[in-house]
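A structural walkthrough
Each chain is listed here by its residues.
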Amino acid sequence: MSAGHGWYVGAGLDQTGVSWAVRQVLDRHRLTGPYPDVPDLETAVRVTPDGARLLFLLNHRAEPVEVTARGGGVDLLTGDRVEGGEPIRLPARGVMVLREDS
């Protein structure tokens, strides 16, 4: 027997309702990423063979974006140190690869 979850929505939802329902599923399974409410900011986490976590931040906007760092680490592209709680500023179309502290 396999374990899992099913969701049934018994209503005709508008886009706001569909977005809310999908967000509930994603949040429950921790699939939203660290900045789910920031439009056009793509995030991905990869784990290296030695266990280091790399957080990729890609700003797809034509203008800068600023978010708060969830944790500390080193930006592998610049060598700059990032502390948790500090602002992270990405320029238009900017990229950051953060090697997160373990």
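Everything quoted here is computed from the prediction, not taken from an experiment.

Let us look at the nonpolar core. Looking at soluble globular proteins, one finds that nonpolar side chains tend to be buried together. Core analysis: the biggest nonpolar cluster contains 13 residues, and Tyr35, Leu41, Leu57, Ile88, Leu90 and Met96 have the highest contact counts within it. Not counting chain neighbours up to four residues away, the residues in contact with leucine 90 comprise Leu41, Leu57, Asn59, Pro64, Val65, Val95 and Met96.

Here the focus is the pairing of strand S6 (residues 87–90). Burial of S6 is one-sided: the residues Ile88 and Leu90 facing one way are buried, the residues Pro87 and Arg89 facing the other way are not. Across four bridges, the pairing between strand S3 (residues 65–68) and S6 is antiparallel. Each residue of the ladder has a partner; that of glutamate 66, found in S6, is arginine 89.

Moving on, we get to the layout of surface pockets. Considering only enclosed or pocket space, the largest pocket measures out at about 230 Å³ in volume. If you go around the largest pocket, you meet 14 residues; those closest to its centre are Pro34, Val45, Arg53, Leu55 and Glu100. Tallied by class, the residues present in the lining of the largest pocket amount to eight nonpolar, three polar and three charged.

Next up on the list: the sheet that holds strand S5 (residues 81–82). Pairing between the strands of a sheet comes from backbone hydrogen bonds, and it takes one of two forms, parallel or antiparallel. As summarised here, the arrangement of the five strands in space is S1-S2-S7-S4-S5, forming an open sheet in which the pairing is antiparallel. Each end of this open sheet is capped by a strand with a single partner; those strands are strand S1 (41–47) and S5. Both strand S2 (residues 53–59) and strand S7 (residues 95–100) contribute to a ladder of five bridges, which runs antiparallel. Bridge pairing in S7 places leucine 58 opposite valine 95.

Taken together, the side chains of Val9, Leu13, Val18, Val22, Leu26 and Leu31 define a hydrophobic patch exposed on the protein surface, amounting to about 470 Å² of accessible area. Secondary-structure assignment places leucine 13 in the segment before helix H1 (15–28). Overall, the relative accessible area of 38% leaves leucine 13 in the partly exposed class.

Per the stated rule, a full pass over the model turns up seven salt bridges. Between aspartate 50 and arginine 99 there is a salt bridge; the shortest N-O distance is 3.7 Å. With aspartate 50 in the loop between S1 and S2 and arginine 99 in strand S7, this pair connects stretches of sequence that are 49 residues apart. For arginine 99, a relative accessible area of 37% translates into the label partly exposed. Glutamate 100 serves as the salt-bridge partner of arginine 53, at 2.9 Å between the closest nitrogen and oxygen. Highlighted residues: arginine 53 in strand S2 and glutamate 100 in strand S7, separated in sequence by 47 residues. Arginine 53 gets classed as partly exposed once you look at its relative accessible area, which sits at 41%. Each member of the salt-bridge network shares a partner with another, and the members are Arg23, Asp27 and Asp37.

About the cut-offs
- Residues numbered from 1 in each chain as written.
- Predicted model: local features only at pLDDT ≥ 70, side-chain atom pairs only at ≥ 80, totals over all residues.
- Heavy atoms only, no water.
- Core = buried A, V, L, I, M, F, W, Y, C linked by side-chain atoms within 4.5 Å.
- Buried < 20%, exposed > 50% of the residue type's maximum accessible area, 1.4 Å probe, protein only.
- Contact = heavy atoms within 4.5 Å.
- Helix = DSSP H or I, 4+ residues; strand = E, 2+ residues; numbered from the N terminus.
- Pairing = 2+ DSSP bridges.
- 1 Å grid on protein atoms, 1.4 Å probe; cavity = no way out; pocket = protein on both sides within 12 Å on 5 of 7 lines; lining within 4 Å.
- Points joined across faces, edges and corners; volume = space filled by probe spheres on them.
- Nonpolar A, V, L, I, M, F, W, Y, C, P; charged D, E, K, R; others polar.
- Patch = residues over 30% accessible without salt bridge, like charges linked within 9 Å, V, L, I, M, F, W, Y side chains within 5 Å.
- Areas by Shrake-Rupley, 256 points an atom, 1.4 Å probe, with all protein chains shown as cover.
- Salt bridge = Lys/Arg side-chain N within 4 Å of Asp/Glu carboxyl O.

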